[in-house]
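Understanding the architecture of this molecule
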Amino acid sequence: MNNIKHLVAFFAVVALTCSLNATEKVYRLKLAASWANTVPILGVAPIEFQEMVETMSNGRLQVRIDDPNKHKAGLAVMDLTKTGQYDIGYTASYYYKGKDAKLSFFTTIPFGLLATEQHAWFEYGGGKELAQEVYDQHGLIHLQGGNTGMQMGGWFKKEITSLEDLKGLKVRIPGMGGEVMSKLGVLAVTVPLGELYTSLDRGTIDAVEWISPVFDINMGFQKVAKFYYTGWQEPASEIQFLFNKKSFENLPKDLQMIIETAASKVANRVMEKAMYQNALAWDKIETEHPDVKVASFPKEVLTALSKATDTILDEQASKDPLFKKILDSQRAFITKARAWTKMGDYAYINNTEK
Ligand code: CA
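Starting from 1, residues in each chain are numbered consecutively following that chain's sequence as written. Residue-level local features of this predicted model are given only where pLDDT is at least 70; pairs of side-chain atoms are given and counted only at 80 or more, and the full residue set underlies all totals for whole chains, interfaces and linings. Only heavy atoms go into the side-chain values, all of them from the structure, while hydrogens and water stay out.

**Some remarks on the coordination of the calcium ion**
Under the convention used in this document: Sodium, potassium and calcium take a 3.2 Å donor cutoff, other metals 2.8 Å, and in both cases only N, O and S atoms count; water is not among them, so sites may look incomplete. Under the DSSP-based scheme used, a helix requires at least four consecutive residues in state H or I and a strand at least two consecutive residues in state E, with every element numbered from the N terminus. We call a residue buried when its accessible area falls under 20% of the maximum for its residue type, exposed when it is over 50%, and partly exposed in between, using a 1.4 Å probe and counting protein chains only.
The coordination sphere of the calcium ion, as far as protein atoms go, consists of Gln151 (OE1), Glu209 (OE), Glu209 (OE), Trp210 (O) and Glu234 (OE), spread over 2.2 to 2.9 Å. Along the chain, the residues that donate to the calcium ion are spaced as Q-x57-E-W-x23-E. A residue pair is termed long-range when its members are at least 10 positions apart, and Gln151 in the loop between β4 (140-147) and β5 (154-156) and Glu209 in the loop between β8 (207-208) and α9 (213-216) qualify at 58 residues. Glu209 sits in the buried class, given a relative accessible area of 1%.

Below, the structure is given as structure tokens:
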């Protein structure tokens, strides 16, 4: 029986090899991922991409995936791709805002667009062209890699009732959210991943901003902090496939299109999975920890956060014309898009809630 199985397997390999025209070149690409395959949703996305491009190209495209356990540079995937050490990076644009502040726009910014609004802006409102204009300066081709949607404002041990409550509060919140909160007197701290839970448990820090239920649940924050604040800082985190421009342009047009198609399909899956898995993870948290309270910051806090965000954005815009062009484009679209979101989805939810 086993011999028959081996024989079948052998002929399957022969058939696959023969179906590749002898003259057809096989392109081998290396992909550096920012997340290990154990990370929900984002860890599997590059594997799905790999399977799709290999099947769609009938084996002419081969992708090797290295995760941070291998390349040791989860937060430097853009550089690994830019320098050509890797052909493709699967990462988040805003990780590199220290190198170029404009890169934040293509993931998410505080008080920015929602995922559906952002996709519309990206596809039809000039976003794609602006992203490429920025990435051209880095020798990279940019494709969307999926949106994990709304992020929560974080796990807080104490309720926040006023601006005063934020003064001196130690919050683990990275990126622009941290920069904005600092303007309101928060001490935005960095804590190594392995120490986050203990630090929150022991009260060394007062709060942790992480992601959303599906990512937060395994961190266990719900056991030690009872206020789960709603989001403002990262309303639509978009992930990217970044391609080394030379590697991409070296590929025949049909393979380029296979890559674009696969990336787009993977991006859709990420968004659908984020919706599905967040819903299930929140249900589990709510059931197992009924004492967890979903809370929103008071209006005065949100107004101050929004003002501080605008100050930071306007300051950067005054120093960089392309930053200003992108900011103006997003601001112009958000006004129109939000009117529709409010009278569409938002009104529907408010009016039909039982
Ligand atoms: Ca976050």
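Let us keep going from here.
**A short note on unusual backbone geometry**
Positioned with a positive phi, Lys72 is a non-glycine residue whose angle comes to about 60 degrees. Mapped onto the fold, Lys72 is located in the loop between α3 (68-71) and α4 (77-82). Of the residues examined, Lys72 reaches a relative accessible area of 68% and is grouped as exposed. Notably, Phe111 is not glycine yet its phi reads approximately 60 degrees, a positive angle. Along the polypeptide, Phe111 turns up in the loop between β3 (88-91) and α5 (115-124).

**Some details on the sheet that holds strand β2 (residues 61-66)**
Keep this limit in mind: Pairing between strands is defined by DSSP: at least two bridges between them are needed. Every angle, taken between N-to-C directions, lies between 0 and 180 degrees, and every axis is a line fitted to C-alpha atoms, over only the stretch in contact when it is a helix. Contacts are residue-level and defined by heavy atoms, with any inter-residue pair within 4.5 Å sufficient.
Taken in spatial order, the 5 strands of this open sheet run β2-β1-β3-β10-β4, and their pairing is mixed. Unpaired on one side and paired on the other, β2 and β4 mark the two borders of the sheet. This sheet shows a mean twist of 25 degrees between the axes of neighbouring strands, independent of strand direction. In the sheet, strand β1 (residues 27-33) pairs with β3 via 3 bridges, with the strands oriented parallel. The residue of β3 that forms the bridge with Ala33 is Tyr90. Seen against the sheet, helix α2 (residues 45-56) touches β1, β2, β3 and β10 (238-244) and runs at an angle of roughly 165 degrees to β2. Each of β4 and β10 is contacted by helix α6 (residues 127-136), which is oriented at about 130 degrees to β4, the strand it contacts most.

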